[in-house]
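Inside the fold
Here's the letter readout for the chains.
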Amino acid sequence: MARPTNQMDKIIEFYEEGLGLEKIGGFKGHAGYDGVMFGLPNYSYHLEFTQSEEKVKLPMPTKEHLLVFYLPNLFELNRIVHRLSDMGYKEVEPENPYWGRGGVTIEDPDGYRIVLMNTVGI
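So, here is what we can say about the structure in this document.

The rules behind each value
Residues numbered from 1 in each chain as written. Predicted model: local features only at pLDDT ≥ 70, side-chain atom pairs only at ≥ 80, totals over all residues. Heavy atoms only, no water. Core = buried A, V, L, I, M, F, W, Y, C linked by side-chain atoms within 4.5 Å. Buried < 20%, exposed > 50% of the residue type's maximum accessible area, 1.4 Å probe, protein only. Helix = DSSP H or I, 4+ residues; strand = E, 2+ residues; numbered from the N terminus. Phe/Tyr/Trp six-rings, centres within 6.5 Å; stacked < 30°, edge-to-face > 60°. Pairing = 2+ DSSP bridges. Expected span 1.5 Å × (residues − 1). Arc of directions from axis to C-beta. Contact = heavy atoms within 4.5 Å. Polar contact = N/O pair within 3.5 Å; in protein donor to acceptor, adjacent residues only side chain to side chain.

Counting residues in each nonpolar core, the largest one holds 22 residues, and the members touching the most others are Phe-14, Tyr-15, Leu-19, Phe-49, Ile-106, Ile-114 and Leu-116. For this core, the secondary structure elements donating two or more residues are α1 (8-18), β3 (33-39), β4 (46-52), β5 (66-70), α2 (74-86), β7 (103-107) and β8 (113-117). The biggest single contributor to this core is α1, with five residues.

With that out of the way, let us pick up the packing of aromatic side chains. The tally for this structure, following the rule as stated, stands at seven aromatic pairs. Here a set of aromatic residues connected by ring pairs shows up, and it is made of Phe-14, Tyr-15, Phe-38, Phe-49 and Tyr-89.

Here we come to α1. One full turn of an α-helix is made of 3.6 residues, so residues set three or four places apart face in the same direction. Taken residue by residue, α1 has Met-8, Ile-11, Ile-12, Phe-14, Tyr-15 and Gly-18 as its buried positions. Taken from the residues just after α1, Gly-20 is the one with a positive phi, measuring 85 degrees.

This part covers the sheet that holds β5. On the basis of which strands lie adjacent, the open sheet formed by four strands has the order β5-β8-β7-β6 and mixed pairing. Each edge of the open sheet carries a strand with a single partner, namely β5 and β6 (91-92). Two strands pair when backbone bridges link them, and β5 and β8 are joined in this way by five bridges, in the parallel orientation. Along β8, the bridge assignment pairs Leu-67 with Ile-114.

Turning our eyes to something else, we now look at α2. Between its first and last C-alpha, α2 extends 18 Å over 13 residues, near the 18 Å set by a 1.5 Å rise per residue. Those residues of α2 not exposed but buried are Leu-77, Ile-80, Val-81 and Leu-84. Taken end-on, α2 shows its buried residues confined to a sector of 100 degrees, consistent with a single buried face. Residues of α2 that are exposed and angled more than 90 degrees away from the buried face: Phe-75, His-82 and Asp-86. The inward-facing, buried residues of α2 abut α1, β7 and β8. Gly-88, located one to two residues past α2, shows a positive phi value of around 100 degrees.

Right, let's get into the side chain of Asp-110. By the element assignment, Asp-110 lies in the loop between β7 and β8. Residue classification places Asp-110 among the buried positions, given a relative accessible area of 17%. Here Thr-5 takes part through its side chain, which lies 2.7 Å from a polar atom of the side chain of Asp-110. At 2.9 Å, the side chain of Asp-110 forms a polar contact with the side chain of Gln-7. When neighbours within four sequence positions are excluded, Asp-110 is seen to be in contact with Arg-3, Pro-4, Thr-5, Gln-7, Ile-11 and Pro-61.

Here you go:
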């Protein structure tokens, strides 16, 4: 998944320091863009955020634009929620009540929502 941002520093702080994802790559000044990638080594998927030299008008996310992380360890989930809360990112009410049953929804700096779901996933 890749998406643009106008707040690269805040995005890096949120996903790396807040969520604890690993920065696996990045670039600066590539055809007018900077970028950062988060993921796990040796996996063929990652999250990528890009920022152009000029501020761009970004689409507004809906409350149903969700990036879901399945965390079966409740202690780890609560640790991440607490860390994000200390950084100023508070829990928000999910649009779909399903995500409130065992999950915590938080908006990233661009208003996109992540869900930390206390289950092993599908």
